[in-house]
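# Geometric and topological summary
Spelled out from the first residue to the last, the chains are:
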Amino acid sequence: MKLTGAEIFVECLKREGVKTLFALPGGVVLKIFDILHQQKDIDVILTRHEQGAGHMAEGYAKATGKPGVALVTSGPGMSNIVTALVDASMDSVPLVCFSGQVSTSLIGNDAFQEADNMGLSRPCTKYNFLVKDVNDLAVTIKEAFYVATTGRPGPVLVDIPKDVSMNKTDFKYPGSVSIRGYNPTYDGNKWQIKQAAEAIAKARKPILYVGGGVVFSGASEELIELAEMMNIPVDMTLMALGAFPGEHPLSMGMMGMHGTYWANMAVHYSDLVIAVGARFDDRVTGKVSEFCPHAKVIHIDIDPTSIRKNVNVDIPIVGDCKRVLRELNQILRATVNGEQKELRKPWLDQIHEWQRAHPLTYEQDSNGPIKPQHVIKRLYELTKDRDPIVSTDVGQHQMWAAQYFKLTKPRRWLTSGGLGTMGFGFPAAMGAQAAFPGRLVLCVAGDGSVQMNTQELATAVVNKLPVKVVIINNRYHGMVRQWQDLFYEGRYASSYLDVVPDFVKLAEAYGAVGLRAAKVSEIDDVIQEALAVDRPVFVDVPVDQYENCYPMIPAGGCNHEMILADPPELKKKQVVGTPVVGEDKDTVLTA
Amino acid sequence: MAGARTPAISHTPFAIGSPLIFMEHIISVLVENKFGVLSRVAGLFSGRGFNIESLSVAPSLDPSMSMMTIVTRGDDRIIEQIVKQLNKLIDVIKVVDLNENEFVERETALIKVHTKPEDRAEALRIADIFRANVVDSTPTTYTIEVAGDTKKMEAIINLLQPLGIKELVRTGRVAIAREPIRPATAQPKRIAKE
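Residues numbered from 1 in each chain as written. Chains lettered and ligands numbered in written order. Predicted model: local features only at pLDDT ≥ 70, side-chain atom pairs only at ≥ 80, totals over all residues. Heavy atoms only, no water.

### Focus: the overall build of chain A
Counting its secondary structure elements, chain A contains 25 helices and 20 strands. Its C-alpha atoms give chain A principal-axis dimensions of about 70 × 65 × 40 Å. A burial count over chain A gives 62% of its 591 residues as buried. Taking all contacts inside chain A whose residues are at least 6 apart in sequence as the whole, residues at least 24 apart take part in 76%. One finds the centroid of the 60 positive side-chain charges in chain A at a distance of 4 Å from the centroid of its 67 negative side-chain charges. (Helix = DSSP H or I, 4+ residues; strand = E, 2+ residues; numbered from the N terminus. Buried < 20%, exposed > 50% of the residue type's maximum accessible area, 1.4 Å probe, protein only. Contact = heavy atoms within 4.5 Å. Lys, Arg positive; Asp, Glu negative; His and termini not counted. Charge placed at Lys NZ, Arg CZ, Asp CG, Glu CD.)

Have a look at this one:
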């Protein structure tokens, strides 16, 4: 029997095990939506903006490890989802995005709602396809899922012209596909692994520097075994949080620009850096020429281009983190003795000393303004027993969440790392909630970030996605304001938001729940109240507007030269330079 | 112990007007012969600030694949990144940095010389010296076809210039290794022992 392209599309998705599709219709994809409407296996979540669909698919993928799938229309539908594709590309998120396209006969004619989808997506996808013939549709979809989920994961776009979705052909779904130019390396070079094992056994001051690759390859167990067996402290990048248990004595927490003091000191003074599934991003290395100046570097990564891209590597190993670590552990297990633990005691003592010297701190006056760190810390403490999935937006609140949420397992942390996309958090949380209806999904957002995708409140309400969004509301683009404090003499150019909506009323307007904690004493109760509701909740928490996020390594600074608190001259400036515009509106919002 | 770490790519501004002190490399890239592949390769270079000096593409022996010859410049680490990034492209089947072994290179040019009657003999003499062929002639022009390496191209162009070159087209270089070779691998080379 012959099927139309649209029927083939739906059939292929079913065969790939797709349960949820984040989508927004338009003229050229109506045939596909019509078929989707007549089946029950795939749940179609209609979003209110294509960017929301993209981030939801990302949240879904990050939380489950399975590919997130989105469907958008041609032209503006496609261009709206580009941000999510770039984001997924930077953070190696497996995404399969389908875009509609004008009929093949019209392509290139500047037709209505036509865009060069291939051209738009080429630099921000792992691969992209234009299906010109319905006979190629099934195999192309198979290839798209294959490319997105293997090797270093990433987003893939499939562009489907209108006539391709209407034309009919015999449906055959290939069992497997292979692409001759695409053969990811999974097993590390044995000789190199042996070299790495020798270096690890010898090192007196080793540090594991782990990135998102550990999460993607599911290598947490192997990582814990390595760290415990050899007594090696673990620094995590923003992307890796949860890959190693946050409360483990060997966990150093997050490293990098806003990482902990001891995590950054440890990497700077180490004699062996074991980088696993990380890519030496500038937010982690600071000044590249001064990054871990005393250390030998082992780098394990599935993507050969990550190796020696930013820093020189002494022992490169191309391969899947899980497989390489497993093999490394095997060699080490055979040779390990009590000596290593003894050898590294002074090193761990030194790190604990750093930990005691400069812990993460803030001062919460019980009658004073709410400190943002306090809200996040309480949120963590009140929810940690429920093993929540936590998403964040981008900015100060993201860094505080990274510092104070000590996640115990991987795939609990959804954040936009590489691209730093404001507006990511809320839809990403919804994507995760769609995958795990019964789980607690939190979103720590900023007032600036959350406004970039508040329209998705409607999606959350309609699809019964009871995510709990806690808005750290300082009415600034806080991280921008912090940089202006530190590097632009307190001139707050376009960082003050002046008018911020009443988030309680906004939530209510969409049929969601709005709550507010205006005083320190209300925080716990309001969080508990939010957790008790089985509906989407916006919790507005107006916080100290001038709190800055520390430690901080200024861009291009060295990792051991952190700013640990507001410099004294800065405090003075705040008193003098505090903008008065809109100050009186505080009362309106917090009353 | 490794000592002070040097950044992998030391001088960042290598995009436009990249310093000519960088070594020239000729990279052979076997790609799928289908639409959009050239833009992926070109996009890789432009997106990462690498420079293409010349590029030529034509189908290979197997018509489902094309061979690209790319001439570029960079220090060792830039070239390493270029080779790795090319390998990462899904439509790229094989990458060979020809500079790792001995190779021969050739380029072809068509030169249209606008000649005054008294210079026509001289133009033919020059073509003869360079073993170039005259492939077309009009009462006022000769079109000369010449093949060779870059130096030969430059030499004949310099000699013909005073006679009046009206138009010049060059194919860009193609090159081939002298011995059968293995592709530049994704797995990094072995490290030197301490």
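### Re the confidence of the model for chain A
Here chain A averages 94 in pLDDT, and 96% of its residues register 70 or above. Predicted confidence is poor over residues 575-591 of chain A, with pLDDT under 50, and the contacts of this stretch with residues over four places away or in other chains come to 25 contacts. (pLDDT = per-residue confidence, 0-100.)

### Overview of helix 11 (residues 261-269) of chain A
Residue and element names in this part refer to chain A. Burial analysis of helix 11 places eight of its nine residues in the buried class, the great majority of the element. Every buried residue of helix 11 is accounted for by Y261, W262, A263, N264, M265, A266, V267 and H268. Buried-residue contacts for helix 11 involve strand 9 (206-210), strand 10 (234-236), strand 11 (251-254), strand 12 (272-276) and helix 15 (345-357).

### Examining the nonpolar core
Residues and elements named next belong to chain A. Ranked by size, the top nonpolar core spans 73 residues in total, and within it I200, L208, V210, V276, I298, L328 and F405 carry the most contacts. When we break this core down by domain, the ones giving at least three residues each are domain 2 (190-357) and domain 3 (372-590). Setting aside residues up to four positions removed in sequence, V276 forms contacts with L208, Y209, V210, G211, V214, I300, C321 and L325. Among the nonpolar cores identified, the runner-up in size contains 45 residues, and V93, I389, A429 and A507 belong to it. (Core = buried A, V, L, I, M, F, W, Y, C linked by side-chain atoms within 4.5 Å. Domains from an automatic or database assignment.)

### Topic: empty space enclosed by the protein
Residue and element names in this part refer to chain A. Evaluation of the coordinates by the stated rule reveals one cavity of 30 Å³ or more. Of the residues in the lining of the largest cavity, the class split is six nonpolar, one polar and two charged. Two domains each provide a minimum of three residues to the lining of the largest cavity, namely domain 2 (190-357) and domain 3 (372-590). (1 Å grid on protein atoms, 1.4 Å probe; cavity = no way out; pocket = protein on both sides within 12 Å on 5 of 7 lines; lining within 4 Å. Points joined across faces, edges and corners; volume = space filled by probe spheres on them. Nonpolar A, V, L, I, M, F, W, Y, C, P; charged D, E, K, R; others polar.)

### Quick notes on the domain arrangement of chain A
Residue and element names in this part refer to chain A. The domain boundaries assigned to chain A delineate domain 1 (2-170), domain 2 (190-357) and domain 3 (372-590). Put simply, the middle of domain 1 and the middle of domain 2, counted by C-alpha atoms, are 38 Å apart. The partner domain 2 presents six residues to the seven residues of domain 1 that form the contact. Of the roughly 550 Å² buried between domain 1 and domain 2, counting both surfaces, carbon and sulfur atoms make up 59%. Counting every contact that joins domain 1 to domain 2 gives one residue pair in polar contact (both at pLDDT 80 or more). (Buried area = accessible area lost by both parts, 1.4 Å probe. Polar contact = N/O pair within 3.5 Å; in protein donor to acceptor, adjacent residues only side chain to side chain.)

### So, the sheet that holds strand 10 of chain A
All names here are of chain A. A sheet is described by the order of its strands in space; here six strands give the open sequence 11-10-9-12-13-14, paired in parallel fashion. Of all the strands in the sheet, the pair left with one neighbour each is strand 11 and strand 14 (315-318). Looking at each pair of strands side by side, their axes are set apart by 15 degrees on average, direction ignored. Pairing analysis gives four bridges linking strand 13 (residues 296-301) to strand 14, with the strands arranged parallel. Note on strand 14: the bridge partner recorded for I298 is I315. On top of the sheet, helix 13 (residues 321-335) reaches strand 12, strand 13 and strand 14; it is set at about 130 degrees to strand 13, its chief contact. (Pairing = 2+ DSSP bridges. Axes fitted to C-alpha atoms, helices over the stretch in contact; angles between N-to-C directions.)

### Description of a nonpolar patch on the surface
There is a patch of nonpolar side chains on the surface, built from L110(B), V135(B) and V169(B) and spanning about 230 Å² of accessible area. Relative to the assigned elements, V169(B) resides in strand 8 (residues 165-170). (Patch = residues over 30% accessible without salt bridge, like charges linked within 9 Å, V, L, I, M, F, W, Y side chains within 5 Å. Areas by Shrake-Rupley, 256 points an atom, 1.4 Å probe, with all protein chains shown as cover. Salt bridge = Lys/Arg side-chain N within 4 Å of Asp/Glu carboxyl O.)

### Observations regarding the pattern of salt bridges
As enumerated under the stated definition, the model contains 41 salt bridges over all chains in all. Between D544(A) and K371(A) there is a salt bridge, with its nearest N and O atoms 2.7 Å apart. With D544(A) in the loop between strand 20 (537-542) and helix 24 (568-577) and K371(A) in the loop between helix 15 and helix 16 (372-383), the pair connects residues that are 173 residues apart, well separated along the chain. Neither residue differs from the other here; D544(A) and K371(A) are each classed as buried. E381(A) is the salt-bridge partner of R378(A), the closest N and O atoms lying 2.5 Å from each other. Note that R378(A) and E381(A) are positioned in helix 16 at a spacing of three residues, about one turn of the helix. Several salt bridges share partner residues, and in doing so they unite E24(B), E53(B), R73(B), E105(B) and R173(B) into one network.

### Focus: the packing of aromatic side chains
How two aromatic rings sit relative to each other is set out by the distance from centre to centre and by the angle between their planes. Scanning the model with the defined rule gives 20 aromatic pairs over all chains in all. Between F171(A) and Y173(A) the ring centres are 6.2 Å apart and the planes differ by 25 degrees, which places this aromatic pair in the stacked class. In textbook terms, an aromatic cluster arises when at least three aromatic residues are bridged by ring pairs, as seen for Y476(A), Y492(A), Y496(A) and Y546(A). Above the plane of the ring of Y142(B) lies R120(B), whose end atom (NZ or CZ) is 4.2 Å from the centre. (Phe/Tyr/Trp six-rings, centres within 6.5 Å; stacked < 30°, edge-to-face > 60°. Lys NZ or Arg CZ within 6 Å of the ring centre and 35° of its normal.)

### Side note on the environment of N87(B)
Mapped onto the elements of the fold, N87(B) is located in helix 2 (residues 76-88). Through-space distance from the C-alpha of N87(B) to that of R48(B) is 15 Å; in sequence the pair is 39 residues apart.

### Observations concerning unusual backbone geometry
All names here are of chain A. Cis geometry is adopted by the peptide bond preceding P551, which originates at Y550 and carries an omega value of -5 degrees. Although it is not a glycine, F280 sits at a positive phi angle of roughly 55 degrees. The topology assignment puts F280 in the loop between strand 12 and helix 12 (282-285). On the accessibility criterion, F280 (2% relative accessible area) is buried.

### Focus: the packing of helix 11 of chain A against helix 15 of chain A
All names here are of chain A. Where helix 11 contacts helix 15, the axes come no closer than 8 Å and their chain directions differ by 145 degrees. Note on packing geometry: the crossing formed by helix 11 with helix 15 is right-handed. Along its contact with helix 11, which presents Y261, W262, M265, A266 and Y269, the element helix 15 presents W347, I351, W354 and Q355. Per-class residue counts for the contact of helix 11 with helix 15 are eight nonpolar, one polar and no charged. (Left-handed = near helix turned anticlockwise from the far one by under 90°.)

### Brief notes about the sheet that holds strand 1 (residues 23-32) of chain B
Residues and elements named next belong to chain B. Pairing is antiparallel across the open sheet formed by four strands, whose spatial order is 2-3-1-4. Pairing within the sheet leaves two strands with one partner each, and these edge strands are strand 2 (54-59) and strand 4 (92-97). Pairwise comparison of adjacent strand axes, ignoring direction, gives a mean angle of 15 degrees for this sheet. With six bridges joining them, strand 2 and strand 3 (residues 65-74) adopt antiparallel strand pairing. Opposite S56, over in strand 3, you have T69 as the bridge partner. On the sheet, helix 1 (residues 37-47) packs against strand 1, strand 2 and strand 3 and is oriented at approximately 15 degrees with respect to strand 3.

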